[in-house]
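Commentary on secondary and tertiary structure
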Amino acid sequence: MSDQLVSQSGQTLSEFISRFQLQQPQPGSFSANSHHAAVLIPIVCRPEPTLLLTRRSDHLRKHAGQVAFPGGKADPQDSSLIETALREAEEEVAIPASAVHVLGQLAPLDSSSGFQVTPIVGLVPANITFHGNEEEVAGLFEIPLYEALRLSRYYWLDIHRGGVNHRVYLSWYENQFIWGLTAAIIRRLAQQVSI
């Protein structure tokens, strides 16, 4: 992976990597969720690095039509949550696990569906042809990394549900509405690497 890739903001991918790896994930709060899942945050190493995102199929039982990272539930045979994220990314968007350079992970977040989700950050070569699994993925799109990492692009709504207050993050990119856990993950990554 070239560390000389420079964004329009003048920051190099190597600067992003250094800031990400120098910051330890903040400790996650205690989770009542006993189910574990992982997602891959695929950073595509284009001249302008991007984040690869999916739009989930409209016929899925949970989170239908939502923007998401490739990922899913940990299987008993997975040796780690990194393996979970890589396996799911290969199944959902055809990213070979061997092609991903894993940088590390963010602290886990709780999902509304009862999972504790661990985001895994990985670099992906630009020469991979991504294609979504038709059963799970309705579409793929990329957002410039340094655009995604602008904290000012994230808004929040406080929702009171089941006697508990929840903060839900929202963002837009072109015609894509990014919200919920996906927006919270990107925002957390942005916080971790902000100067």
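Structure shown above.
Scope of this entry: the structure provided in the associated data block. (Residues numbered from 1 in each chain as written. Predicted model: local features only at pLDDT ≥ 70, side-chain atom pairs only at ≥ 80, totals over all residues. Heavy atoms only, no water.)

With that settled, the discussion passes to the nonpolar core. The nonpolar side chains of a soluble globular protein tend to be buried with one another. Core analysis: the largest hydrophobic core is formed by 37 residues, its most contacted members being Leu 13, Phe 16, Leu 51 and Leu 189. Among the elements that make up this core, the one with the highest residue count is helix α4 (residues 180-193) (seven residues). Among the nonpolar cores identified, the runner-up in size contains 15 residues, and Val 44, Ala 85, Leu 86 and Val 93 belong to it. (Core = buried A, V, L, I, M, F, W, Y, C linked by side-chain atoms within 4.5 Å. Buried < 20%, exposed > 50% of the residue type's maximum accessible area, 1.4 Å probe, protein only. Helix = DSSP H or I, 4+ residues; strand = E, 2+ residues; numbered from the N terminus.)

Another aspect to go through is the pattern of salt bridges. Overall, the coordinates contain seven salt bridges when judged by the stated rule. Close ionic contact of Arg 46 with Glu 142 constitutes a salt bridge, the shortest N to O distance being 2.7 Å. Placement of Arg 46 in the loop between β1 (35-45) and β2 (50-56) and of Glu 142 in strand β8 (residues 137-144) is noted, with a sequence separation of 96 residues between them. Residue classification places Arg 46 among the partly exposed residues on the basis of a relative accessible area of 25%. Beyond isolated ion pairs, a larger network of salt bridges with shared partners links Asp 75, Asp 78, Arg 87, Glu 88 and Glu 91. (Salt bridge = Lys/Arg side-chain N within 4 Å of Asp/Glu carboxyl O.)

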